[in-house]
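Structural characterization, general
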Amino acid sequence: MDFNIPEDTQEIINGLKQFIEKKVIPLEEKNEELLTNPRKYFTEDGRHAPEVEELRKEVRMESARAGFYNMFGAKELGGEEFGPVTAVLVQEFLNKHYPNNKLIHPIVIPSPFTNGLTPVLNGLNDNLKSKYIDGIRSGEKTLCFALSEPDAGSDVWNLKTKAVKDGSEWVINGTKQWITNAPYADYCLLFAITEPELKERRKGGITCFFVETSSEGFSVDSAIPVMGDLGGEAGIISLDNLRVSQENIVGELHMGFSRAISGINTGRLGMSGKCVGSAQWALKKAVDYSQIRETFGKKIGEHQMVQQMLADCAIDIYAARNMALNCAWKIENTKKQPRKEISMVKAFCTEMMGRVYDRAIQIHGGVGVTNELGLEEGYRLARILRIPDGTSEIHRRTIAKSLLSGDLTF
Ligand SMILES: Cc1cc2nc3c(=O)[nH]c(=O)nc-3n(C[C@H](O)[C@H](O)[C@H](O)COP(=O)(O)OP(=O)(O)OC[C@H]3O[C@@H](n4cnc5c(N)ncnc54)[C@H](O)[C@@H]3O)c2cc1C
């Protein structure tokens, strides 16, 4: 096995660093007050302020022009189709050096399967591709991925949103919840029941539709504030007699779930890279602080209990990093999707990030819980990441099912 960073991935990381330092950081510095003061960042109703959205769009479009925004998109959509090893390493880099930068995540590189050139878009027909893909590829237009509902999160088959055929159109009614980027998106990948009987048997019956969010009958009722923020990225969508043309079906009728999960695994590995990078940033802070702060006449790094916390962070990070890279390597080299391993990596890396931030905060004592250092921000993010893209429990369920069906390979 070759554990070196592939040469072209290293070149991408070098280019990304230059791009961020030259284009993004100056923009962040110029708009510091807007980006760091939550009272300015969000409007009263919890949505991003219009100036924030303008800046995000500017960075997306710059990133697309510089060749980074579409790095993981399929070639047939005009992307570069880099694989999961690069996804892990790029996210590790971004989060190790810029974990809390508001104009970097998830803007320079879009969320892997819910925005940008998501593989779900491969299922668009040629007409729709020629109408919409250029706008998405340039970063001008964004998407959201609307699967979850108030009664359908882990249990996705419990969807209630229905589409009923009326001539050459489908009429859709229902509610979607937790939809990232919904308040800001131009287009939505919307999942609805089209064949209730198939859906009851959990054999299909759910279809993915490509919808313009400005359509009559599509509205975003609210943005959902999460974990101590004054607003949020995710929203609640109401569908009230929304009419969608048959032509806007993505992929095959009744087979929306296979669309939904295409690409999800690159996303999960990218998320794991994010956790690995961000945890390294937090550990570096903890190590630095341990060498300056003194109690009882010595540096706190000389106390064995502090040393143990540092060592436990390193053990966690090393294990998570190698797990994520090995799993990504397996996908790239076997072209198979090792479900059990992907679930182990997603659960372990997100939980590992929480443990590392918890210890890093503890090592900083009182200053660790202030808003000054960025540690509490990372801690909140780590707590959130255990829920989307499959909760830790659902991943353990997948792992146990594989084991019990005889897959004991590692
Ligand atoms: C920040 C954020 C962004 C999101 N973005 C999107 C998005 O863009 N698009 C989208 O479609 N969805 C999105 N989601 C929704 C996300 O996928 C769901 O929240 C997630 O699948 C969990 O569903 P739930 O919230 O309904 O919890 P539930 O499914 O109700 O689960 C509640 C608890 O029960 C546990 N549980 C459930 N079933 C089992 C079981 N069989 N065995 C053991 N434990 C179980 C869960 O692990 C959890 O602890 C997002 C969520 C969040 C928090």
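Residues numbered from 1 in each chain as written. Predicted model: local features only at pLDDT ≥ 70, side-chain atom pairs only at ≥ 80, totals over all residues. Heavy atoms only, no water.

In the nomenclature of an unreviewed UniProt entry, the chain is known as Acyl-CoA dehydrogenase of Pueribacillus theae. Per UniProt, the chain carries the Sequence similarities (unreviewed entry) text "Belongs to the acyl-CoA dehydrogenase family." (UniProt positions renumbered as here; feature names shortened; annotations may be inferred.)

This part covers the packing of helix α1 (residues 7–30) against helix α5 (residues 84–97). One way to put it is that α1 packs onto α5 with a least axis distance of 10 Å and a crossing angle of 30°. For the crossing formed where α1 meets α5, the hand is right-handed. Along the contact surface, α1 presents T9, I12, I13, L16, K17 and I20, while α5 presents T86, L89, V90, F93 and L94. Counted by class, the contact of α1 with α5 contains eight nonpolar, two polar and one charged residues. (Axes fitted to C-alpha atoms, helices over the stretch in contact; angles between N-to-C directions. Helix = DSSP H or I, 4+ residues; strand = E, 2+ residues; numbered from the N terminus. Left-handed = near helix turned anticlockwise from the far one by under 90°. Contact = heavy atoms within 4.5 Å. Nonpolar A, V, L, I, M, F, W, Y, C, P; charged D, E, K, R; others polar.)

Across five bridges, the pairing between strand β2 (residues 162–166) and strand β3 (residues 169–180) is antiparallel. Counted as the bridge partner of K165 is W170 from β3. Connecting the antiparallel pair β2 and β3 is a turn made up of two residues, with G167 showing a positive phi of about 65°. (Pairing = 2+ DSSP bridges.)

Here we come to the nonpolar core. By size, the foremost hydrophobic cluster in this structure holds 64 residues, and its most contacted members are I20 and V108. Broken down by secondary-structure element, the contributors of at least two residues to this core are α1, α2 (32–36), α4 (50–66), α5, α9 (264–290), α10 (304–334), α11 (339–364) and α12 (375–385). Here this core spans two domains, and each of domain 1 (7–111) and domain 3 (263–404) adds at least three residues to it. With near-sequence residues (within four places) excluded, V108 lies in contact with L16, F19, V24, V59, S63, F68, Y69 and L103. Core analysis: the second largest hydrophobic core is formed by 28 residues, V120, L159, L189 and F191 among them. (Core = buried A, V, L, I, M, F, W, Y, C linked by side-chain atoms within 4.5 Å. Buried < 20%, exposed > 50% of the residue type's maximum accessible area, 1.4 Å probe, protein only. Domains from an automatic or database assignment.)

Now for the domain arrangement of the chain. Split into domains, the chain comes out as domain 1 (7–111), domain 2 (143–255) and domain 3 (263–404). On a C-alpha basis, the centroid separation for the pair domain 2 and domain 3 is 32 Å. Overall, the association of domain 2 and domain 3 removes approximately 380 Å² of surface from exposure, summing both partners, and the carbon and sulfur fraction of that is 71%. Of all residues in domain 2, S154, V226 and M227 bury the most surface against domain 3, accounting for 90% of the area lost on that side. Summed over the shared surface of domain 2 and domain 3, the number is one salt bridge. The closest approach of N and O atoms between D229 and R380, which form a salt bridge, is 4.0 Å. At the boundary of domain 2 and domain 3, one finds one residue pair in polar contact (both at pLDDT 80 or more). Broken down by class, the residue content of the side of domain 2 that touches domain 3 amounts to two nonpolar, two polar and one charged. (Buried area = accessible area lost by both parts, 1.4 Å probe. Salt bridge = Lys/Arg side-chain N within 4 Å of Asp/Glu carboxyl O. Polar contact = N/O pair within 3.5 Å; in protein donor to acceptor, adjacent residues only side chain to side chain.)

Take the site of the ligand next. Taken together, 15 residues lie around the ligand, and S148, S154, T180, T391 and E393 are the ones closest in. One of the backbone N or O atoms of L147 is found 3.0 Å from an oxygen atom in the ligand. Expressed as a share of its isolated accessible area of 980 Å², the protein-covered part of the ligand is 62%. Those elements that provide at least two residues to the shell around the ligand are β3 and α13 (392–404). Tallied by class, residues from the shell around the ligand come to eight nonpolar, five polar and two charged. (Near = heavy atom within 4 Å. Areas by Shrake-Rupley, 256 points an atom, 1.4 Å probe, with all protein chains shown as cover.)

Here we come to a nonpolar patch on the surface. Together, L403, L404, L408 and F410 give the surface a local cluster of nonpolar side chains, amounting to about 510 Å² of exposed area. Residue position: L408 is located in the segment after α13. (Patch = residues over 30% accessible without salt bridge, like charges linked within 9 Å, V, L, I, M, F, W, Y side chains within 5 Å.)

Let us look at the pattern of salt bridges. Counted according to the given criterion, the structure contains 24 salt bridges. A salt bridge links E92 to R321; the shortest N-O distance between them is 2.6 Å. Here E92, found in helix α5, pairs with R321, found in helix α10; they are 229 residues apart in sequence, far enough to count as distant. Residues participating in the shared-partner salt-bridge network are K330, K340, E341 and D407.

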